[in-house]
Amino acid sequence: LNSINHLLATIFLLCIGFSLAAKERLLVFYQAEQDYVFAAQTLPTLEVFAEKEELELVITNQLSQGLPEEITTTPAIVFQNPVGTAIYSGRYTEFSSIRNFIRIARISKQSPLPLEKEAVWLKTCGRTQIALALKITVPSGSLPAGFSVADLETKIKEGLSNGLNTYSWLDQAALKRTDRLFYLDIHPYINAEGQLYLSTAIFSSFSCIDPIQEKFETPINGPLGEAGILSQLIGQQTSNFIAATMADSKIGDAYTPIPLSIPNASFTDLGYPNPIASTAARSSISFPDTPLPKRWRMVGPVNPKTPLIQFHFSAPLERYAGEVRKASGEIQLDDQGQIKSGDFKVEVKSLTMGMADFDAKVLKSYLKAKKHPESRFRFKEVRLREALVWGQNGNASIIGDFELLGKTREVSMNAILVPSINTKSQPILIVQGGFQLNITDLFGIKGPDGPAPAKKTLVFNLSFLMESVG
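Here the structure is a predicted model, which means the values were calculated and not measured.

1. Some thoughts on the overall build of the protein chain
- Secondary structure assignment for the protein chain yields seven helices and 26 strands.
- Each of the three principal axes of the protein chain carries a C-alpha extent, and together these read 85 × 55 × 30 Å.
- Here the protein chain holds 470 residues, and 50% of them are scored as buried.
- Counting contacts in the protein chain only where the partners sit at least 6 residues apart, residues at least 24 apart contribute 71% of the total.
- Summed over all atoms, the accessible surface of the protein chain reaches about 22,300 Å², with 50% contributed by carbon and sulfur.

Okay, here's the thing in structure tokens:
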């Protein structure tokens, strides 16, 4: 909820008819000689994208003056508005993902915390850290008598370390947003003759759905006793593949390390401080002297450029974020302006994280949207510090039943409600709210790879308008 109070004044001014000139800027940094494919193929599309999104676009490939220390690779895409500065962590070819990133950054301040990653191989190139995480599945096939899974895993890890000779093993690494993280999955299989087959798949951190390389049809194989030698070969091949991917990728996984010769310089030092929202008040606003309407219905987001309902995992995993695009609901007040009841529904299939293939996986495998098409939140208890009145902030603490995946759990929410009027002098209710869900413990949903409790905790921010009914 850190951003709600900060944003409320801005949103309130917008809705009651003030002129809001909130600058939004997209910064693009790249190295001309190394990132020439990006410059030729992606940058022109990015220019069109920025124009459609009404963003000021600043492009620079002159890095001699320096770069913020948060930027460790290029191309780097940075969004700035009065909320703050947010650095994009994703494929620069996926414009739906960039759009999703911007919509969320408009209302949610990005955490400066690094991604703490345990048990990785790490390689440093200039400023850049390149990390590789490992997953070994349970061996399958004809396991010999006295076979030890632990011994096999030890030999595989030792062999990989020998093959990844330019990487160092770390129990924990702190990765910045533009550092690179890859995942190596190894699937051991032992046949009746004692032959070991090691199938592999490599994933970019940008997608846990589609591997960027897989070897299931042609696994590396040899005698079980040579597991270390076979794994060393996998390590060598993986190191070469990552280097080739960083240098050239048609899907947007190619990134160039920032050399240590580039000095550190803040965004402000480079002439890019956070934009400041300027407001120009119109003539005094006259609120109705009639009682507040008792029944209100959700009509849409406060601002078409921001999500209706935005969600992200807790820092440092807030790069896993998305929005819900379709919801409905009502609030009823009593004669004194207190909240009497509230009932809201969300269309689960309207959820998006900016990548179609990832959305499909989440909706089918995790949220089971076909079987459970709706999620619901019904008020049980509302504590409102002061009764709602025209033009005043109403701070509410709401306890309700949250339904998801056919399960109901009690959830607490904080909200700010402002009864106001729009430019047509029609009653509106501005609602800003937020809550957190432990999706793993409460609903059995597995979160992304990362530290607990961040990987279990989804943070929701709500920003919507309601109109009076009847």
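2. What to know about the packing of aromatic side chains
- Applying the stated criterion across every chain yields a total of 17 aromatic pairs.
- An angle of 55 degrees between the planes, with centres 6.1 Å apart, marks the rings of F206 and Y255 as tilted. One end of the pair, F206, is in the loop between β12 (195-204) and β13 (213-223); the other, Y255, is in the loop between α5 (227-247) and β14 (256-257), with 49 residues separating them in the sequence.
- The exposure class assigned to F206 is buried, which follows from its relative accessible area of 10%.
- Look at Y255 and you get buried, because its relative accessible area is 7%.
- Aromatic pair F344 and F379: ring centres 6.0 Å apart, planes at 35 degrees, arrangement tilted. Here F344 is found in strand β20 (residues 339-347), whereas its partner F379 is found in strand β22 (residues 374-384), with 35 residues between them in sequence.
- You can call F344 buried: its relative accessible area is 12%.
- Residue classification places F379 among the buried residues on the basis of a relative accessible area of 16%.

3. Structural notes on the confidence of the model for the protein chain
- Confidence in the prediction of the protein chain, expressed as mean pLDDT, is 89, and 93% of residues score 70 or more.
- This model gives residues 1-21 a pLDDT under 50, and the stretch forms 60 contacts once residues within four places in sequence are excluded.
- Across residues 279-284, where pLDDT falls below 50, the model places eight contacts with residues more than four positions away in sequence or in other chains.

4. Some thoughts on a negative patch on the surface
- On the surface, a cluster of negative charge is made up of D210, E214, E217 and D357.
- Counting through the fold element by element, D210 comes out in the loop between β12 and β13.
- A residue is classified by how much of its surface remains accessible, and D210, at 39% relative accessible area, is partly exposed.

5. With respect to the nonpolar core
- Among the nonpolar cores identified, the biggest contains 62 residues, and L417 and M466 are the most heavily contacted of them.
- Setting aside chain neighbours within four positions, we find L417 in contact with I331, I339, L388, Q392, N393, G394, A396, L429, I430 and V431.
- Counting residues in hydrophobic clusters, the runner-up holds 46 residues, among them A86, Y88, I136 and Y167.

6. Observations regarding the sheet that holds strand β5 (residues 76-81)
- Taken in spatial order, the four strands make up an open sheet running β3-β2-β5-β6, and their pairing is mixed. The strands lining the two open edges of the sheet, one partner per strand, are β3 (56-60) and β6 (84-87). Taking the axes of each pair of neighbouring strands and ignoring which way they run, one obtains an average angle of 20 degrees across the sheet.
- Relative to β6, β5 is paired through four bridges, and the arrangement is antiparallel. Its bridge partner being in β6, F79 is matched across the sheet by A86.
- Of the strands in this sheet, β2 (25-29), β3 and β5 touch helix α2 (residues 36-52), which is tilted by about 160 degrees from β3.
- Lying over the sheet, helix α3 (residues 95-105) contacts β2, β5 and β6, oriented at roughly 30 degrees with respect to β5.

7. Examining the side chain of Q432
- Tracing the backbone shows Q432 in strand β25 (residues 427-438).
- Within the structure, the side chain of Q432 is placed 2.7 Å from the side chain of S463, a separation counted as a polar contact.

8. Observations regarding the pattern of salt bridges
- Evaluated as defined, the whole model comprises 19 salt bridges.
- With a closest N to O distance of 2.2 Å, E403 and R378 form a salt bridge. Pair noted here: E403 is in strand β23 (residues 394-404) and R378 is in strand β22, with a separation of 25 residues, a long-range link.
- On the basis of relative accessibility, which here comes to 22%, the residue E403 falls in the partly exposed class.
- Taken together, the salt bridges that share partners define one network made up of R91, E94, R180 and D253.

9. Here's the deal with α2
- Helix length check: α2 (17 residues) gives 24 Å between terminal C-alpha atoms against 24 Å at 1.5 Å per residue, within 8%.
- The axis of α2 is deflected most strongly, by about 45 degrees, at T42, and proline P44 appears within four residues downstream.
- If you check which residues of α2 are buried, you get F38, T42, L43, L46, F49 and A50.
- Tucked inside the fold, the buried residues of α2 contact β2, β3, β5 and α3.
- Note on α2: the residue one or two positions beyond its end, E54, has a positive phi of about 60 degrees.

The rules we used
- Residues numbered from 1 in each chain as written.
- Predicted model: local features only at pLDDT ≥ 70, side-chain atom pairs only at ≥ 80, totals over all residues.
- Heavy atoms only, no water.
- Helix = DSSP H or I, 4+ residues; strand = E, 2+ residues; numbered from the N terminus.
- Buried < 20%, exposed > 50% of the residue type's maximum accessible area, 1.4 Å probe, protein only.
- Contact = heavy atoms within 4.5 Å.
- Areas by Shrake-Rupley, 256 points an atom, 1.4 Å probe, with all protein chains shown as cover.
- Phe/Tyr/Trp six-rings, centres within 6.5 Å; stacked < 30°, edge-to-face > 60°.
- pLDDT = per-residue confidence, 0-100.
- Patch = residues over 30% accessible without salt bridge, like charges linked within 9 Å, V, L, I, M, F, W, Y side chains within 5 Å.
- Salt bridge = Lys/Arg side-chain N within 4 Å of Asp/Glu carboxyl O.
- Lys, Arg positive; Asp, Glu negative; His and termini not counted.
- Charge placed at Lys NZ, Arg CZ, Asp CG, Glu CD.
- Core = buried A, V, L, I, M, F, W, Y, C linked by side-chain atoms within 4.5 Å.
- Pairing = 2+ DSSP bridges.
- Axes fitted to C-alpha atoms, helices over the stretch in contact; angles between N-to-C directions.
- Polar contact = N/O pair within 3.5 Å; in protein donor to acceptor, adjacent residues only side chain to side chain.
- Expected span 1.5 Å × (residues − 1).
- Bend = angle between axes of the 7 residues up to and from the residue.

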